[in-house]
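An overview of the molecular structure
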Amino acid sequence: MIPYGRQSISQEDIHAVIEVLRSDFLTQGPTVPKFEKAIADYCGAAHAVAVNSATSALHIACLALGAGPGDHVWTSANTFVASANCARYCGAETDFVDIDPQTYNICPVKLADKLVEAEKSGTLPKIVIPVHIAGQSCDMTAIHVLAQQYGFRVIEDASHAIGGSYQDIKIGACRYCDITIFSFHPVKIITTGEGGMALTNNSELAWKMQLLRSHGITREPDRLENPPEGPWYYEQQMLGFNYRMIDIEAALGLSQMARLDAFVERRNAIARQYDRLLADLPLRIPTTTAGNVSSFHLYVVRTKSGQPGPDHRTVFERLRAAGIGVNLHYMPVYLQPDFVRLGFAPGLCPEAEKYAQSAISIPMFPGLTDETVRETVAALAIAVVP
Ligand SMILES: *Cc1c(COP(=O)(O)O)cnc(C)c1O
């Protein structure tokens, strides 16, 4: 089965990991801060806080922005569950905004409509989490204007999107948000095995997230609440977690960084190949909005409704049977059983529901060969035949 996504590991990556294994520090050593600095510099952000997953990064980002019981946190209906769960970990309530039918990202117009209603009912969100689906940035200037108007904070879930840019600014620069988070899961653009990072230009937010990822503990002399009682002294200043990234992971990430631009270029080249080869099939191919460079974490095609031909599920099953490991990104989060139990029901976000009944992620990763691209297209051509 050809997977939809796969890591690309070089001999250099392997050497970098082995070097850390032979060094004094497997964790809490010098490689994590080196990796943080490399990502912060690449993106043009002031601070980067490495953690053990993007899920952890979302959690501590919400906490650093003060999310708690009684607060509302909104995200896109079309995302991985983690973008919504982070609010629930904090005791806040989660809600969903429908997507734009062209980009499949959170729709600023629907966000604006929902804010008008929320203002009337006194349920305005404290945080909104736009998700850069497939690697293409959301309409961040529009979201930023709404954030100013309604006073909410913004976390960009850029799990798909490192290496991409928006209006010539690298995703992760935090120009239009408080915090941006990345994932380094093996299917994402670069990997650390498991891992994530939170970027910000706000030093207090960075400080809070550094505390939260490591038990709420600090040894920083300038930050202590009480005079140190000895050289062993440290303070727990808030309830934190062990969400630390280890140096073995950071070594892999740092080594992968050297190929980040090449990965994104290769993904874009594959996307252009798919665009060309799929043009004549009865499928909708992805669109990239002017001003965006997508990192193409995913290449999502959509079956067209109202045409003779097999339904979405049949196309899916035919492709899987042909050895193409297609996937759905994503079923609307609020239709997951655990969210339905909270009271969510079908009909909340019609565009996201339509999308989920037509979207197919086809193989997309840097190691994909031109031949496999052609094989995938050939399998698709057969799968869509009535
Ligand atoms: C992968 C992903 C996450 C979670 O990332 P982990 O590093 O696996 O915790 C969160 N949000 C989105 C949109 C993702 O795709």
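Whatever comes next refers back to the structure up there.
Reading the values: rules and limits
Residues numbered from 1 in each chain as written. Predicted model: local features only at pLDDT ≥ 70, side-chain atom pairs only at ≥ 80, totals over all residues. Heavy atoms only, no water. Helix = DSSP H or I, 4+ residues; strand = E, 2+ residues; numbered from the N terminus. Rg over C-alpha atoms; globule rule 2.2 N^0.38 Å. Buried < 20%, exposed > 50% of the residue type's maximum accessible area, 1.4 Å probe, protein only. Contact = heavy atoms within 4.5 Å. Lys, Arg positive; Asp, Glu negative; His and termini not counted. Charge placed at Lys NZ, Arg CZ, Asp CG, Glu CD. Pairing = 2+ DSSP bridges. Near = heavy atom within 4 Å. Polar contact = N/O pair within 3.5 Å; in protein donor to acceptor, adjacent residues only side chain to side chain. Areas by Shrake-Rupley, 256 points an atom, 1.4 Å probe, with all protein chains shown as cover. Nonpolar A, V, L, I, M, F, W, Y, C, P; charged D, E, K, R; others polar. Axes fitted to C-alpha atoms, helices over the stretch in contact; angles between N-to-C directions. Arc of directions from axis to C-beta.

**Examining the overall build of the protein**
- Assigned secondary structure in the protein consists of 13 helices and 15 strands.
- Against the globule reference of 21 Å for 386 residues, the protein gives a C-alpha radius of gyration of 21 Å, in line with a compact fold.
- Dimensions along the principal axes, computed over C-alpha positions, put the protein at roughly 75 × 60 × 40 Å.
- Per-residue burial for the protein yields a buried fraction of 54% across its 386 residues.
- Considering only contacts within the protein whose residues lie at least 6 apart along the sequence, 72% involve residues at least 24 apart.
- Charged side chains of the protein number 32 positive and 40 negative; the gap between the two group centres comes to 5 Å.

**Quick word on the pairing of strand S9 (residues 196–200)**
- The element S9 is extensively covered by neighbouring structure, given that five of its five residues are classed as buried.
- Residues Gly196, Ala198 and Thr200 line one face of S9 and the alternating positions Met197 and Leu199 line the opposite face, and both faces are buried.
- In terms of strand pairing, strand S1 (residues 47–51) meets S9 through five bridges, oriented antiparallel. Paired with Ala50 across the strands is Met197, a residue of S9.
- Here strand S8 (residues 179–183) runs beside S9; their pairing, made up of four bridges, is antiparallel. Paired with Ser183 across the bridge in S9 is Gly196.

**So, the site of the ligand**
- In the region of the ligand, 15 residues are neighbours, and Thr55, Asp157, His160, Ser183 and Lys188 sit closest.
- Within the side chain of Thr55, an N or O atom sits 2.5 Å from an oxygen atom of the ligand.
- Considering the ligand on its own, with 380 Å² of exposed area, one finds that the protein chains cover 92% of that surface.
- Looking at the shell around the ligand, the elements with two or more residues in it are helix H3 (54–64) and helix H4 (82–89).
- A per-class count over the shell around the ligand returns five nonpolar, eight polar and two charged.

**As for unusual backbone geometry**
- At the junction of His329 and Tyr330, the peptide bond is cis and its omega measures out at 5° in the coordinates.
- Within the secondary structure layout, Tyr330 lies in the loop between helix H10 (312–321) and helix H11 (337–340).
- Residue Ala134 is not a glycine yet carries a positive backbone phi of 65°.
- Its location among the elements puts Ala134 in the loop between strand S4 (127–129) and helix H6 (140–150).
- The phi dihedral of His215 is positive, around 65°, even though this residue is not glycine.
- Here His215 shows up in the loop between helix H7 (203–213) and strand S10 (217–218).
- Exposure remark for His215: the relative accessible area of 32% places this residue in the partly exposed category.

**Observations concerning the sheet that holds S4**
- If you walk across this open sheet you meet the seven strands as S1-S9-S8-S5-S4-S2-S3, and the pairing is mixed. Looking at the sheet topology across the chains shown, the edges are occupied by S1 and strand S3 (93–97). Averaged over all pairs of adjacent strands, the angle between strand axes in this sheet comes to 20°, irrespective of strand direction.
- Pairing of S4 with strand S5 (residues 153–157), which is carried by two bridges, proceeds in the parallel orientation. By the bridge assignment for S5, Ile127 is matched with Arg153.

**Regarding the environment of Tyr233**
- Positionally, Tyr233 belongs in the loop between S10 and strand S11 (235–236).
- Tyr233 sits in the buried class, given a relative accessible area of 10%.
- Through-space distance from the C-alpha of Tyr233 to that of Arg219 is 7.0 Å; in sequence the pair is 14 residues apart.
- Ignoring any residue separated from it by four or fewer positions in sequence, one finds Tyr233 in contact with Arg219, Leu224, Asn226, Pro227 and Pro228.
- Engagement of the side chain of Tyr233 in a polar contact is seen with the side chain of Glu235, the distance being 2.7 Å.

**Some points on the sheet that holds strand S7 (residues 169–170)**
- As summarised here, the arrangement of the three strands in space is S7-S6-S13, forming an open sheet in which the pairing is antiparallel. Each edge of the sheet is formed by a strand with only one pairing partner; in this case those strands are S7 and strand S13 (292–293).
- Sheet topology note: the strand S6 (residues 165–166)/S13 ladder contains two bridges and is antiparallel. Note on S13: the bridge partner recorded for Ser165 is Val293.

**Some points on H6**
- Taken as a whole, H6 has its buried residues at Met140, Ile143, Leu146, Ala147 and Tyr150. One side of H6 carries all its buried residues, which in axial view fall inside an arc of 120°. Pointing more than 90 degrees away from the buried face of H6 are the exposed residues Val145, Gln148 and Gln149.
- Within two residues after H6, Gly151 carries a phi angle of roughly 75°, on the positive side.

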